[in-house]
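# Architecture and fold: a report
The primary structure of each chain is shown beneath.
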Amino acid sequence: MGVCTFIVVAAVVFIVLYIITLLLVDCDLGLAFATKVGKKIDTLNGKVVWITGASSGIGEHIALALARGGAKLILSARRLNELQRVKESCLATGKNLTDEDILVLQMDVTAVDKLEFHFQKVIEHFGKLDILVNNAGRSQRANWEEIELDVDRQMFDLNVFAVVALSRIAVRYFQKKKEGHIVVTSSLAGVKAVPFSGSYTGAKYAIHGYFDALRTEKMASNITVTLLCPGPVFSNFLAESFTEKTGEKFGKSVEATDRRMTGERCGYLCAVAIANKLGEAWMALSPIIPFYYISVYYPNIRYL
Ligand SMILES: NC(=O)c1ccc[n+]([C@@H]2O[C@H](COP(=O)([O-])OP(=O)(O)OC[C@H]3O[C@@H](n4cnc5c(N)ncnc54)[C@H](OP(=O)(O)O)[C@@H]3O)[C@@H](O)[C@H]2O)c1
């Protein structure tokens, strides 16, 4: 076999193996690698982690995965009874956690003038914050051309400006502390647009812009940024989704037969991404991940 033939055969074998691997995993290759040989979630034992949107869905499952690793938690959202329920579950499954180690902090993240007050409550209780997980958010089901501008505004208030406002407070604190970790639950919709979610997709793209900019500014510091990008996951999101009309919720439930990742698996993968300080982490049932690789590396294919 000539050298050229050998190179071509080797390249074809590599590409085939690469595609097969992508079809087998439910996350990007960096995250898949981290689940096998990366840092374990319990390296976060004793770390103080604040999770917004912790009363259900992905936030709840991130909280449970981190509690199993021994992290101390601040659980935030608006529904106090649901936060208490999540706290009880975290205490039941958590590693050596006591009542004091989990603070329920009820808040509406869009009330941005109160965020500094809430931040001080966290510091008063734990004496420090190590990781902020901005997870609170709502999705959307709407026709692009019908969306009222107030829906776009409310979407950005919740999914972008509240996240940026709370993260700015945290980053100023992390600068003084000389280390810290900002995590945001984005979405695969923030990597490649999805239909019938115009304002949502716009908001998640904005998150990547804001936080990639933060990452480049803080490159030489000990401040880390992680963008979590789940694909479809079982949660309460569909009932709460924005529509085209101001004040309206989509109000439907996710079907048990839908092809979606479980909240448990998503929470685990998010926790691994956090423990390993990954810059960006994708997670979705096969075969979604290979399509995202193609759309990122060959950007014009996605517009065909
Ligand atoms: N499920 C998916 O398929 C999927 C895929 C990709 C990304 N995501 C992202 O994952 C994140 C969590 O969504 P989810 O799917 O887990 O939906 P979910 O079950 O509806 O959870 C949303 C969370 O956000 C909280 N929240 C909403 N508005 C809030 C506000 N104004 N202030 C404070 N907390 C607020 C909710 O708590 P309260 O109602 O108690 O306030 C709840 O805890 C979102 O950022 C979403 O964009 C979801």
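Here, every reference points to the structure presented above.
Heads up: these notes are all about the structure in this document. (Residues numbered from 1 in each chain as written. Predicted model: local features only at pLDDT ≥ 70, side-chain atom pairs only at ≥ 80, totals over all residues.)

## Regarding the site of the ligand
To keep things clear, this is the line we draw: Each residue gets a C-beta atom placed from its backbone. Should that atom fall within 6 Å of a molecule or strand, the residue is termed near it. Starting at the N terminus, helices and strands are each numbered in turn, a helix being any DSSP run of H or I of at least four residues and a strand any DSSP run of E of at least two. Polar here means any residue other than Ala, Val, Leu, Ile, Met, Phe, Trp, Tyr, Cys and Pro, which are nonpolar, and Asp, Glu, Lys and Arg, which are charged; Gly is therefore polar.
Taken together, the neighbourhood of the ligand is formed by 30 residues, with Gly53, Gly57, Arg78, Arg79 and Gly137 sitting nearest. Of all the secondary-structure elements, those providing two or more residues to the shell around the ligand are helix H3 (57-68) and helix H8 (237-240). Tallying contributions element by element places H3 first for the shell around the ligand, with 3 residues. Partitioned by chemical class, the residues of the shell around the ligand number 10 nonpolar, 14 polar and 6 charged.

## Re the pairing of strand E2 (residues 72-77)
The line we're drawing: Here the C-beta atoms are placed from the backbone, and a residue counts as buried if at least 20 other C-beta atoms lie within 10 Å of its own, exposed if 12 or fewer do, and partly exposed otherwise. Here, any two strands with at least 2 DSSP bridges between them count as paired. Here, the term right-handed applies to a crossover whose path from the first strand over the helix to the second runs clockwise when the strands point away from the viewer.
With 6 of its 6 residues buried, E2 lies for the most part within the structure. Along E2, one buried face is formed by Lys72, Ile74 and Ser76 and the opposite face, lined by Leu73, Leu75 and Ala77, is buried too. In this structure, strand E1 (residues 48-52) lies alongside E2, joined through 5 bridges in parallel fashion. When the bridges of E2 are listed, Val48 appears paired with Lys72. Between the parallel elements E1 and E2, the chain passes through H3 in a crossover that is right-handed. Bridge analysis of E2 against strand E3 (residues 102-106) gives 5 bridges, and the strand direction is parallel. Across the sheet, the residue bridging to Ala77 is Gln106, located in E3. Regarding the hand of the β-α-β motif, the stretch spanning E2, helix H4 (residues 80-93) and E3 is right-handed.

## Let's talk about the pairing of strand E6 (residues 223-230)
Here E6 lies mainly inside the structure; 7 of its 8 residues are buried. By the bridge criterion, 6 bridges tie strand E5 (residues 180-185) to E6 in an arrangement that is parallel. The residue bridging Gly180 from the neighbouring strand is Ile223, located in E6. Between the parallel pair E5 and E6, the chain is carried across by helix H7 (residues 198-217), and the sense of this crossover is right-handed.

## Notes on unusual backbone geometry
Cis peptide bonds are those with omega within 30 degrees of zero, and the linkage from Ser286 to Pro287 qualifies with 5°. The backbone of Phe196 sits at a positive phi, close to 60°, despite the residue not being glycine. For Phe196, the location among the structural elements is in the loop between E5 and H7.

Take it as geometry only, folks, not as evidence of what the structure does.
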